[in-house]
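Examination of the molecular architecture
The primary structure of each chain is shown beneath.
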Amino acid sequence: MSMNAFRAAAPSILLVTVPLSLLATCACTAPGATAPPVQPNVVLLEGRRAAAALVPLRAEWDVEHYGLELTLLPAQRAMEGVARIRAINRASGNRNLVLDLAVLQVSGVSDAAGRELGWRHGGDKLTIDLGRDFFPGEVAEVVVAYGGVPQRGLWYAPDDPATHCFTQGECEDARRWFPCVDHPSERATSELIVHMPASWTSMAGGMLLERKLEGSRATEHWAHHMPHPAYLETLVAGELVSVFDRGPVPVTYVGTPAMARYLKPSLGSTGQALEFMADLTSRPYPYSKYATCAVDGFPFGGMENASATTITSASLCDVRGRMDGGAESLVVHEAAHQWFGNLLTCADWSEIWLNEGFATYCTLLWYEETRGQGEFLRHIREMQVAAIGADERTHRPIVHGSCIDPLDLFFTGHVYQGGASRLHHLRFVLGDDAFFAGLRAYVGGHENSGVTSLDLQRSLEAASGLDLTQHFEQWLHSPGLPKFSLSWSRRSEEGPTRVTIEQVHSLRPGTPTVFVTPAEIEWRTSTGIQRKRVLLDQRKQTLELDTHGELLWVRFDPLHWIPGERIEAHDLATQIMLAYEAPDAMGRMEALASLGEQWSGLPEGARRQALTAAARRLAADPVEAVRVEAARFLGQTQSAGARDLLSALAVKDDSVPLRRAVLQALVNFTPSTSLFELAQAAFVSAPSWDCAGAAVMLGIKADPVRGLRWVEELIKAPGVMQVDDPAGRLAVHVVAALETLGSKQALPIVRSWALAPLAPAGPRSAAIALLGDWGREAPGLVEDLVGLLGHSDPRLSRAAVVALRRIANQQARSALREFYPHSAAPVERRAIEALFPVR
Ligand SMILES: [Zn+2]
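Parameters and conventions
- Residues numbered from 1 in each chain as written.
- Predicted model: local features only at pLDDT ≥ 70, side-chain atom pairs only at ≥ 80, totals over all residues.
- Heavy atoms only, no water.
- Axes fitted to C-alpha atoms, helices over the stretch in contact; angles between N-to-C directions.
- Helix = DSSP H or I, 4+ residues; strand = E, 2+ residues; numbered from the N terminus.
- Parallel < 35°, antiparallel > 145°, perpendicular 65-115°, else oblique.
- Left-handed = near helix turned anticlockwise from the far one by under 90°.
- Contact = heavy atoms within 4.5 Å.
- Nonpolar A, V, L, I, M, F, W, Y, C, P; charged D, E, K, R; others polar.
- Donors = N, O, S within 2.8 Å, 3.2 Å for Na, K, Ca; no water.
- Buried < 20%, exposed > 50% of the residue type's maximum accessible area, 1.4 Å probe, protein only.
- Polar contact = N/O pair within 3.5 Å; in protein donor to acceptor, adjacent residues only side chain to side chain.
- Pairing = 2+ DSSP bridges.
- Domains from an automatic or database assignment.
- Buried area = accessible area lost by both parts, 1.4 Å probe.
- Salt bridge = Lys/Arg side-chain N within 4 Å of Asp/Glu carboxyl O.
- Phe/Tyr/Trp six-rings, centres within 6.5 Å; stacked < 30°, edge-to-face > 60°.
- Lys NZ or Arg CZ within 6 Å of the ring centre and 35° of its normal.

As a further point, take the packing of helix 26 (residues 810–819) against helix 27 (residues 826–835). The interhelical angle for the contact between helix 26 and helix 27, taken along N-to-C directions, is 135°, at an axis separation of 10 Å. Classified by the interaxial angle, the pair formed by helix 26 and helix 27 is oblique. When the axes of helix 26 and helix 27 are compared, the crossing they make is left-handed. Across the interface between the two elements, Arg813, Leu816 and Phe819 of helix 26 pack against Glu828, Ile832 and Leu835 of helix 27. Here the residues of the contact of helix 26 with helix 27 are counted per class, giving four nonpolar, no polar and two charged.

Here it is, written out as structure tokens:
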């Protein structure tokens, strides 16, 4: 599953992701909120639960097959269903079959012959009395009639009447649309017969067997012969169009007619991504077809349902959005899940990193394959930073099974970038040959089954001959990450160099005192560059490097293979030299970033040299990401020379990420008419939405008065803000630009945008979240926000929770408290819980 609608090219995450990502951090830090009054007593939230260990799978029954027949009732936003379930008894003397089923009502249960069976439904469990004891190996078949208005599980799109619907099972919401054993290690085949309005078509897992029309109703029949967990069962239905594309199997993109022209530009890498994954794993794509369905009101970025992924329409883009990266990483992430997640599924949610860490790392491997080493290193650098941040926020092992809701385990990035960083590290420890051989053996040896970290460990051990017990214990089963400090000294010009590496991370409970890992040390002398691999197994250790001639630098883990922080303390001359001529893009990016941070304290001579180094990198570095870092550095210098260099590129460079970085860097310079005019020129010639958005931000910063007037004109001009760019990427940037003006000037615009029912949900939710900072004093604003709680578009509801949580006055607090029992979204519930701490 992908949590974010879309991400801008790093480092900034576009505001459209704010509701979810902000809530995830809000729960801990409450940025911007006034401190709630101290309550002397425990404040109770109705229906609040405490964190607990995940419940293991009941092994009494093994479901073989789900036969589902659903009638969709969009006018009532309801459904009726009949589920025929065939299961094998695994216990002795077993008379009851217990299934998961939530929210919906059961109207009757019978056996295959139509005889009524006794049943009890409560606490999300449907217990069926089979009428006699079943012996081990005996097959039971039950038929459950049920229905109602689903809450999560099956979602109708926010429009009214709904033009389409979709399901979303992960983690435990399959039970909200059909009775099942809702556990990731229980796999079954399935059939799905769907009755729907005649104008509707459907997409589901497996293959379509037939479509029938009878009067005003259509019926479609799907069969999915590959066993899969209930959470990967899927149905998308509605007034939909399909676009066909090439791939190793038939590839289809599905969306509403309004989305049709964005499907191919957004999803066109799908076939190539499936082929890439088949090569990587030596396992052909597992299913008979692959579809990607874009839907409105999807609560996450995407969901890798088996053979039919669902994504949010907010990730779709036109050609300009594709220049910003578009949906490419989402496409590859969900394609990777067809192997890591679907063909092999985490045995329980504590092992979710085996799904998400792999999907995240495979996306990075895709960039390595398609964009080369420099771009790959940029992604690795960002991944390591995200992994460190996630570890600090969660302080739990990657494999972790205590939570209120398993979905909580997804929120911080810990199992995504944190998991991917552990895989990257394993690749370093084993070497490419053994790592990729082990990965292929892991896939080949565990098809169609639940997997644990131990399965991965055993596969990698067999491929490498290494004992990885301690490695997995430290890096996967313990919380925390190391922090390395490197220092070195040399007695004479010709002698050896003593290098000291110390692990200086604080010793929090459970964190290893010493992380054992190999590490690479690189040094450069006048005779050339050398690298040495050393084993780190002590808190502080010293080694000698055989150095001859002038020693120019010593670097620790230069390519960032190891998760964790590092302190290298290079002197200024070394940093400038690295910015000029580090042999890898990582070294040049790191040196430029570090010099930028120190800029205000640099002596004049060092400033001049650093500026020259950055200017050279900006003009001629072969790696785009290094040029972007050079533009950021130059922005921090605020020097006249830097301004000229950046201005020259703002309207003409071929690289879209560089154009965007240049415009963002120019925001740091003294406001002026010429900068404002440059922003307008850059807007007109902008090749992408993010570039256009960066130009708007620059315009507002360069001249707030004219900038505001410009934005007001843009909002009114048809074809600019009313572009049917489904994500509203430009509009998201405009909201961010308005934020810098402050509430006095921009509150009316932001407020009208937040409440405009036709505005795209991305910028609308950004505007709603912003009202949380600005709207404390605005009359009637809390009422407006309360009206959005539980909105049929989950992003708007989440944004309203964010805003009310920031306002946090008495009225906002009572509204959130009242809403809490009605919200089924873990991310909303955690955010509200943080406002009412248990004492
Ligand atoms: Zn995922």
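Following the sequence through the fold, leucine 804 ends up in helix 25 (residues 794–807). Taking the C-alpha atoms as reference, leucine 804 lies 64 Å from glycine 549; in sequence the two are 255 residues apart. Setting aside residues up to four positions removed in sequence, leucine 804 forms contacts with Val782, Leu785, Val786, Leu789, Ala812 and Leu816.

Right, let's talk about the coordination of the zinc ion for a bit. Coordination angles at a metal have ideal targets, namely 109.5 degrees for four tetrahedral donors and 90 or 180 degrees for six octahedral donors. Coordination of the zinc ion by the protein comes from Met1 (N), Met1 (O), His333 (NE2), His337 (NE2) and Glu356 (OE), over a distance range of 2.0 to 2.3 Å. The sequence motif formed by the donor residues of the zinc ion is M-x331-H-x3-H-x18-E. With methionine 1 in the segment before helix 1 (18–29) and histidine 337 in helix 5 (residues 328–337), the pair connects residues that are 336 residues apart, well separated along the chain. Neither residue differs from the other here; methionine 1 and histidine 337 are each classed as buried.

Structurally, the position occupied by arginine 175 is in the loop between strand 10 (164–168) and strand 11 (187–197). At a separation of 3.4 Å, a polar atom in the side chain of arginine 175 contacts the main-chain carbonyl oxygen of glutamate 172. When sequence neighbours within four positions are dropped, the list of residues in contact with arginine 175 reads Asp100, Leu101, Ala102, Cys180 and Asp182.

A few words now on the sheet that holds strand 25 (residues 497–503). Reading across from one edge, 28-25-24-30 is the order of the four strands in this open sheet, with mixed pairing throughout. Of all the strands in the sheet, just strand 28 (540–545) and strand 30 (565–567) have a single pairing partner and so form its edges. On average, adjacent strands in this sheet sit at an angle of 20° to one another, irrespective of strand direction. Note: strand 24 (residues 483–490) against strand 25, seven bridges, orientation antiparallel. In the sheet register, serine 487 faces strand 25, and the bridge partner there is threonine 500.

Between aspartate 160 and proline 161 the backbone carries a cis peptide bond, its omega angle lying at 0°. Position of proline 161 relative to the elements: it lies in the loop between strand 9 (153–156) and strand 10. A positive phi is found at aspartate 124, a non-glycine position, where the angle reads about 65°. Summarising the element assignment, aspartate 124 is placed in the loop between strand 6 (118–122) and strand 7 (125–134). Under the relative-accessibility criterion, aspartate 124 is labelled partly exposed at 36%.

This brings us to the domain arrangement of the protein. Its domain assignment divides the protein into domain 1 (343–475) and domain 2 (483–562). With centres defined by C-alpha atoms, the gap from domain 1 to domain 2 works out at 26 Å. Taken together, the contact between domain 1 and domain 2 spans 13 residues of the former and 16 residues of the latter. Of the roughly 1,500 Å² buried between domain 1 and domain 2 on both sides combined, carbon and sulfur atoms contribute 60%. Among the residues domain 1 hides against domain 2, the three largest losses belong to His395, Phe428 and Gln474. Together they make up 46% of the total. Summed over the shared surface of domain 1 and domain 2, the result is zero salt bridges. Taken together, the links from domain 1 to domain 2 amount to nine residue pairs in polar contact (both at pLDDT 80 or more). Of all the elements in the fold, those that place two or more residues in the side of domain 1 that touches domain 2 are helix 7 (373–394), helix 8 (414–430) and helix 11 (469–475). Sort the elements by how many residues they give to the side of domain 1 that touches domain 2 and helix 8 lands first, with five residues.

The next thing to look at is the sheet that holds strand 27 (residues 528–536). Within a sheet, adjacent strands bond to each other through the backbone by hydrogen bonds, running parallel or antiparallel. Across the sheet, three strands lie side by side as 27-26-29; this open sheet has antiparallel pairing. Edge strands, defined here as strands with exactly one partner in the open sheet, are strand 27 and strand 29 (551–556). Taking each pair of neighbouring strands and ignoring which way they run, the sheet shows an average axis angle of 20°. Relative to strand 27, strand 26 (residues 517–525) runs antiparallel, the two sharing nine bridges. Across the sheet, arginine 524 pairs through a bridge with isoleucine 529, a residue of strand 27. Of the strands in this sheet, strand 26 and strand 27 touch helix 8, which is tilted by about 75° from strand 26. Lying over the sheet, helix 12 (residues 572–581) contacts strand 26 and strand 29, oriented at roughly 80° with respect to strand 29.

Scanning all chains against the criterion turns up 23 aromatic pairs. With centroids separated by 6.0 Å and ring planes inclined at 10°, the aromatic side chains of tryptophan 155 and phenylalanine 166 adopt a geometry described as stacked. Taken together, the residues span a long stretch of sequence, with tryptophan 155 in strand 9 and phenylalanine 166 in strand 10 at a distance of 11 residues. In this structure an aromatic cluster arises from ring pairing among Trp155, Phe166, Phe298 and Phe300. One Lys or Arg, arginine 320, reaches over the ring of tryptophan 689 and ends 4.5 Å from the middle of that ring. Looking at arginine 829, its charged tip hangs above the ring of tyrosine 820, at a distance of 4.2 Å from the centre.

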